Amino acid sequence: MASKCPSFSPCPTLLVLRARAPFPLSPFSSNKTMAAMSKGAPALGLALKTSEVKHQDCSSSSANFSSSSTRRRSRSGVGRVSMHCRAVLATEQVEAPIKSPFPVQYTKLFINNSFVDSVSGKTFPSIDPRSEEVAVEVAQAAAEDVDRAVKAARKAFEEGPWPRMPGCERAGIMNRIADLLDEHKDELSALDTLNMGKVYDMARLGEAPLAIGLFRYYAGWCDKAQGMTLPTNGPFHAYTLHEPIGVVGSILPWNAPFYLLAMKVAPALACGNTIVLKPAQQSPLSALLIAKLAAEAGLPDGVLNVVTGYGDTGMHIASHMDVDKVAFTGSTQVGRQIMQAAAQSNLKPVNLELGGKSPFIIFGDADMDAAVESAHQAIFYNQGQMCVAGSRTFVHESVYDEYLERAKARAEKRVVGDPFKPGVEQGPQADEAQFNKVMSYIRAGKDEGARLITGGERVGSKGYYIQPTIFSDVQDDMKICREEIFGPVMSVIKFKTVEEVIQRSNQSEYGLGATVMSKNVDIINTVTRSLKAGIVWVNTYGILTPSAPFGGYKSSGFGRENGAYALANYQQVKSVIMPICNPPYL
C-alpha cells in the first residue's frame, strides 16, 4: 500500500503520545506514518473519561493510544517495551513524585572550564514542580560573577585558540561535544524534567536528538564562513571577511532548556565566538552539565561559561560593557528590557525570539483526523509552554461543531501525571508563577463570556498540574485570544471566509508561527503568503529542522535562529579594499 505523506507533526520537540501515533523524523508525527513505523509494537491502553479511569494492559491490541515506550532508537530504528500504565483523570490526585533516574551532579557556576561558587556564596532554590518542594540549591550569580565570566570569555577570545583554530578543528571539537551529549541525553533530559516538568520520554526522544543535531549541523559550518570578492570601479581589489563578533551573551528561557541552548550555543561556537550563558532560574541544571561535557570534548578554557541566577543576572549580561552581542529567547516584556539595556550600555547588537499567539487555521476541506490531533498537540504539548503554541484555533463554520466535539474528546483522553512516568502526556507547569498565570487566564475566559468546553481546573492538590482546557465561542477582543497564556488552554474561534481569517490572524501583535490545514492548494498559497509569521506549517505542525530559519515578525522579535541565517547573528562583516597595479581586468 502506498504510504501517505505525514499530515501531523507538531512542535520542535515532542514525542507524541496519542491514538495510533508514535513518531517519525520529528517528535510530532503523522498518525499513519507512526503506525507504519511501529508495526508490531504494543499499544498503550489508556482510556480517559470524565467519570471513570479504566485500567488496561499496555500490550492490548485494542488500546486507543500508542505508547511513549514505542521508541525510536538513535539512528537505529524502532524499539518497543511493554508495560502496565494508568491514566490520570483531570480531577484525580496525582501520585507522589517518582525519583529521578539520575542524581544532580553540578550546581555551581561554570567559569573558565571549572565549577566555582558565587563570590557571595549565595544560592537559590531549584523547585521540583511536581512536588512544589526544593530539589536542589544552585549557585546564585551576581554582577561580580558575571564580570568573572566575561573576563574569562574575553581572554579566551583575544588570546585563546578557539577563534584562531582552523574551522575543521573547531568542527572536530563540536562533533565530539555532540557525541558526549548523545551519551548523556537521558541524564540531560531527566534534569529538564526535574527542573520544569517536561515529560521525560518526550525530552529524551524528541528534544534531545534535535539539540544534538544542531551541534552536528553547525560543526559542518565551521570551515565554510567565507566572504566575497567584489567588483570595483577602478584599479582596486575589494573583498569581505566574515569575522567572529566576540563575547556573546546568551540568555535562555525555561521551556526547552537543552534544545534552546543548542540553538544559541552551536552557531556562536561555529563562528569562533566565546560565550557567557545564563539559563533560566527555573531550569539551570542541564546547562551546567552541557558546559562540563563541552570541556571534556576539548573546548578551550573560557569559551563557554555558565552563570546561574535570577533575572538580574541576565540583565548584568545585557548591560555589560565588554559583552559584544546578546541573544535572548523569552517573553516580549523582558525582550524589551534586554534591548534597552544593550542600547544603553555599549549599543551591542541583539537578536530576540519572543512571544507568540500563533493561529492554527482549519478549513472546511481539511483532513479532520489530522487537524484534531495536530491542533491538540499544538497547544497541549509541553503543557502549552511553547512560543509557537497554536493558541488561537480558527475553525471554519462548516466543521466547527464537529471539531469541538472531537477536540473535547481528545483533550479528555489526555494523560496528565508525573512526567517521569511512562505513558504520561502532560506534566506540571514549570513553576508556581506560571501555574497562577494560567489559572488567571482561565478565570478571565470564563468572566469574559467564552464557553468552557472542558477542563479549567487544577489536577490534584500538590504540584502545578492543570487540566487540558478548551474554550469555544472565543472573540478577538478577549484576553485569552489576545495575550500569550503559555499554558494548556485552547481558544476555538469560528470563521467564514479566507479573507476574514487572514485579517483576524494578522491583527495580533505577535507573528511567530502559524498553521494552515487544507487540501486546496490555492487556499494554501494565498494564506501562507498573507500571514505575518516567521514560520508557517501546512498540514503539519511543529516541524523544525536545523537548516530552516526560525524567528518572528512584529512583537515576536527579530533575527533568525537555525540554518545559515543564524550565522549572521554571530559574525561581523568587514570590507577590505586595496589598490592594484596594472590589472589586466577589473
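Residues numbered from 1 in each chain as written. Predicted model: local features only at pLDDT ≥ 70, side-chain atom pairs only at ≥ 80, totals over all residues. Heavy atoms only, no water.

Draft legend 1. Seen up close, the pattern of salt bridges. As enumerated under the stated definition, the model contains 28 salt bridges in all. A salt bridge links R130 to D128; the nearest nitrogen and oxygen atoms lie 2.7 Å apart. On the accessibility criterion, D128 (6% relative accessible area) is buried. The salt bridge involving R154 is made with E158; its shortest N-O contact spans 3.0 Å. You can see R154 and its partner E158 sitting in helix α2 (residues 143–159), four residues apart, about one turn around the helix. Among the residues examined, E158 registers a relative accessible area of 43% and is labelled partly exposed. (Salt bridge = Lys/Arg side-chain N within 4 Å of Asp/Glu carboxyl O. Buried < 20%, exposed > 50% of the residue type's maximum accessible area, 1.4 Å probe, protein only. Helix = DSSP H or I, 4+ residues; strand = E, 2+ residues; numbered from the N terminus.)

Draft legend 2. Structural detail: the sheet that holds strand β29 (residues 571–579). Pairing in this open sheet of three strands is antiparallel, and the strands run β12-β13-β29 from one edge to the other. Edge positions in the sheet fall to β12 (229–230) and β29, since each of these pairs with one other strand and no more. Two elements, β12 and strand β13 (residues 236–244), share two bridges in a ladder whose sense is antiparallel. Considered in β13, the bridge of T229 is made with Y239. (Pairing = 2+ DSSP bridges.)

Draft legend 3. Focus on the environment of A178. Turning to its location among the elements, A178 is positioned in helix α3 (residues 167–183). A relative accessible area of 0% places A178 in the buried class. For the pair A178 and L214, spaced 36 residues apart in sequence, the C-alpha separation works out to 8.6 Å.

Draft legend 4. Spatial organisation of the sheet that holds strand β20 (residues 392–396). Taken in spatial order, the seven strands of this open sheet run β21-β22-β23-β20-β19-β25-β26, and their pairing is mixed. Edge positions in the sheet fall to β21 (451–454) and β26 (535–538), since each has one partner strand and no second. Strand-to-strand twist across the sheet, computed as the mean angle between neighbouring axes with direction ignored, equals 25°. Here strand β19 (residues 359–362) runs beside β20; their pairing, made up of four bridges, is parallel. By the bridge assignment, I362 is partnered in β20 with V395. Of the strands in this sheet, β19, β20, β22 (469–472), β23 (489–495) and β25 (513–517) touch helix α10 (residues 368–380), which is tilted by about 170° from β19. Packed on one face of the sheet, helix α14 (residues 498–506) meets β19, β20 and β23 and runs near 145° to β23. (Axes fitted to C-alpha atoms, helices over the stretch in contact; angles between N-to-C directions. Contact = heavy atoms within 4.5 Å.)

Draft legend 5. Geometry of the nonpolar core. Among the nonpolar cores identified, the biggest contains 100 residues, and M174, F215, I362 and Y403 are the most heavily contacted of them. At 11 residues, the largest contribution of residues to this core is made by helix α6 (residues 257–270). When residues no more than four places from it in sequence are discounted, the contact partners of F215 are M174, I177, A178, L181, L261, A262, V265, A266 and L269. Of all hydrophobic cores here, the second largest spans 29 residues; its members include F363, M439, Y441 and I466. (Core = buried A, V, L, I, M, F, W, Y, C linked by side-chain atoms within 4.5 Å.)

Draft legend 6. Broad picture of the layout of surface pockets. Of the voids in this model, the largest pocket is the one considered here, and its volume is about 870 Å³. As for the largest pocket, its lining consists of 38 residues, and the residues nearest its centre are W254, F328, G330, S331 and V334. Counting residues per element, the lining of the largest pocket draws most heavily on helix α9 (residues 332–344), at five residues. Its residues placed into classes, the lining of the largest pocket shows 17 nonpolar, 12 polar and nine charged. (1 Å grid on protein atoms, 1.4 Å probe; cavity = no way out; pocket = protein on both sides within 12 Å on 5 of 7 lines; lining within 4 Å. Points joined across faces, edges and corners; volume = space filled by probe spheres on them. Nonpolar A, V, L, I, M, F, W, Y, C, P; charged D, E, K, R; others polar.)

Draft legend 7. Up close: the side chain of S508. Its place among the elements puts S508 in the loop between α14 and β24 (510–511). A relative accessible area of 10% means that S508 is categorised as buried. There is a polar contact of 3.0 Å between the side chain of S508 and the backbone nitrogen of Y510. The residues touching S508, leaving out its near neighbours within four places in the chain, are K357, R392 and K554. (Polar contact = N/O pair within 3.5 Å; in protein donor to acceptor, adjacent residues only side chain to side chain.)

Draft legend 8. Local environment of the pairing of β26. Every second residue of β26 is oriented toward a common face, the buried set being I535 and W537 and the non-buried set V536 and V538. Alignment of β25 against β26, held across four bridges, turns out to be parallel. What sits directly across from V516, in β26, is V538. Taking the sense of rotation as the criterion, the β-α-β connection linking β25, helix α15 (residues 521–530) and β26 turns out right-handed. (Right-handed = clockwise from strand over helix to strand, strands pointing away.)

Draft legend 9. The pairing of β13, seen in detail. Taking the residues between adjacent antiparallel strands as the criterion, β12 and β13 are bridged by five residues. In terms of strand pairing, β13 meets β29 through nine bridges, oriented antiparallel. By the bridge assignment for β29, E243 is matched with Q572.

Draft legend 10. Fine view of the packing of aromatic side chains. Following the criterion strictly, the structure yields 10 aromatic pairs and no others. With centroids separated by 5.1 Å and ring planes inclined at 50°, the aromatic side chains of F124 and Y310 adopt a geometry described as tilted. Linking F124 in strand β10 (residues 123–128) with Y310 in the loop between β16 (304–306) and α8 (311–318), this pair joins segments that are 186 residues apart in sequence. When its relative accessible area of 1% is taken as the criterion, F124 is described as buried. (Phe/Tyr/Trp six-rings, centres within 6.5 Å; stacked < 30°, edge-to-face > 60°.)

Draft legend 11. Spotlight on the packing of α10 against helix α11 (residues 400–412). One can describe the packing of α10 onto α11 by two numbers: an axis separation of 10 Å at closest approach and a directional angle of 55°. Here α11 runs oblique to α10, going by the angle between their axes. Pair α10 / α11 crosses with right-handed handedness. The segment α10 lies against α11, with M368, D369, A371, V372, E373, A375, H376, Q377 and F380 engaging E402, Y403, R406, A407, R410 and A411. (Parallel < 35°, antiparallel > 145°, perpendicular 65-115°, else oblique. Left-handed = near helix turned anticlockwise from the far one by under 90°.)

Draft legend 12. How the structure looks around the environment of K264. Assignment of secondary structure puts K264 in helix α6. As a C-alpha pair, K264 and F328 span 64 residues in sequence and 8.7 Å in three-dimensional space. A distance of 2.5 Å separates the side chain of K264 from the side chain of E561, its partner in a polar contact.

Draft legend 13. Region of the structure containing a nonpolar patch on the surface. Taken together, M578, I580 and L586 make up a surface patch of nonpolar side chains, about 260 Å² in accessible area. Note on placement: L586 falls in the segment after β29. What makes L586 exposed here is its relative accessible area of 60%. (Patch = residues over 30% accessible without salt bridge, like charges linked within 9 Å, V, L, I, M, F, W, Y side chains within 5 Å. Areas by Shrake-Rupley, 256 points an atom, 1.4 Å probe, with all protein chains shown as cover.)

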